[in-house]
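Chain by chain, the residues:
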Amino acid sequence: MKINIAIDGPAAAGKSTIAKILAKKLDYTYIDTGAMYRCVAYFALMNDVDPNDEVKVCDLLKDIHIDMKADKIFLNGEDVSKKIRENEVSMYASCVSKYKDVREFLVSQQQQLAKNGGMILDGRDIGTVVLPNAELKIYQVASIECRALRRHKENIERGMDSNLEDIKAEIESRDYQDMHRALSPLKKADDAIEIDTSDMTLDEVSQAIYQLALERMNTLC
Ligand code: DC
């Protein structure tokens, strides 16, 4: 049987890396919900809309069409996979994710995508709001030093400009914003299993969650 797996946690905790590995191991489909918020933010940026202007941001939603194919994300047909990773887009994404209309617009698409099971979704509100009945919920955390260093290395590998202190500040302020917003703030679902990956290798983390997924499937059979 195919289950749904929710992976939530703070920024740069390695959720998407782990989700991709797991999706391969289980032959499941991975949905990066953060990328969807990033698309809305990127579209606002491209249209010179201030992310703090809720009315204008929400008015853009009718012109936004998001598609995910393989590892790529398309915004109105354009492959924006790389562009949405810029630091400026990260802060914009956290800002626009506060708005009710934005959340409703994206959450309904995420629920639709996950309706048949066999999906791994990562984000901030997957276990609490998007898939409250997900068969396996993981809350993935890591120390701020560890997360900033990982993101810094990732940026360098992608050929992007990167400054460790700036990344640390950006992650901290984004986490604060994501945890303190009124709607669907980042928090651990009561039935989520918390994994601190600070001192774990990618292999160890993915293996641990893989085992949990197999156990879950066995108990449900
Ligand atoms: O996962 P990420 O860093 O790419 O997400 C970018 C922003 O999008 C994050 O700061 C908050 C928002 N987000 C959200 O509110 N809910 C989600 N399920 C995923 C992301």
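Heads up: these notes are all about the structure in this document. All figures in this text were calculated on a predicted structure; none of them were measured in a lab. (Residues numbered from 1 in each chain as written. Predicted model: local features only at pLDDT ≥ 70, side-chain atom pairs only at ≥ 80, totals over all residues. Heavy atoms only, no water.)

Regarding the nonpolar core
Next, step 1: Core analysis: the biggest nonpolar cluster contains 39 residues, and Val40, Ile66, Ile73, Leu75, Ile84, Val102 and Leu121 have the highest contact counts within it.
Next, step 2: Elements with a contribution of two residues or more to this core: α2 (33–46), α3 (54–60), β4 (72–75), α4 (87–96), α5 (100–113), β6 (119–123) and α6 (126–130).
Next, step 3: One finds Ile5, Tyr30, Ile120 and Met217 within the second-largest nonpolar core, a separate group that totals 18 residues. (Core = buried A, V, L, I, M, F, W, Y, C linked by side-chain atoms within 4.5 Å. Buried < 20%, exposed > 50% of the residue type's maximum accessible area, 1.4 Å probe, protein only. Helix = DSSP H or I, 4+ residues; strand = E, 2+ residues; numbered from the N terminus.)

Section: the sheet that holds strand β1 (residues 4–8)
Next, step 1: One open sheet accounts for five strands, arranged β2-β6-β1-β7-β8; its pairing is parallel. On the outer flanks of this sheet lie β2 (29–32) and β8 (193–196), each paired with one strand and no other. On average, each strand axis in the sheet is inclined to that of its neighbour by 20°, with strand direction left out of account.
Next, step 2: As paired elements, β1 and strand β7 (residues 136–141) share four bridges and run parallel to each other. Opposite Ile7, over in β7, you have Ile138 as the bridge partner.
Next, step 3: Sitting on the sheet, α2 is in contact with β2 and β6, with an inclination near 40° to β2.
Next, step 4: Together, β1, β7 and β8 form the strand contacts of helix α9 (residues 202–220), whose direction differs from that of β7 by roughly 165°. (Pairing = 2+ DSSP bridges. Axes fitted to C-alpha atoms, helices over the stretch in contact; angles between N-to-C directions. Contact = heavy atoms within 4.5 Å.)

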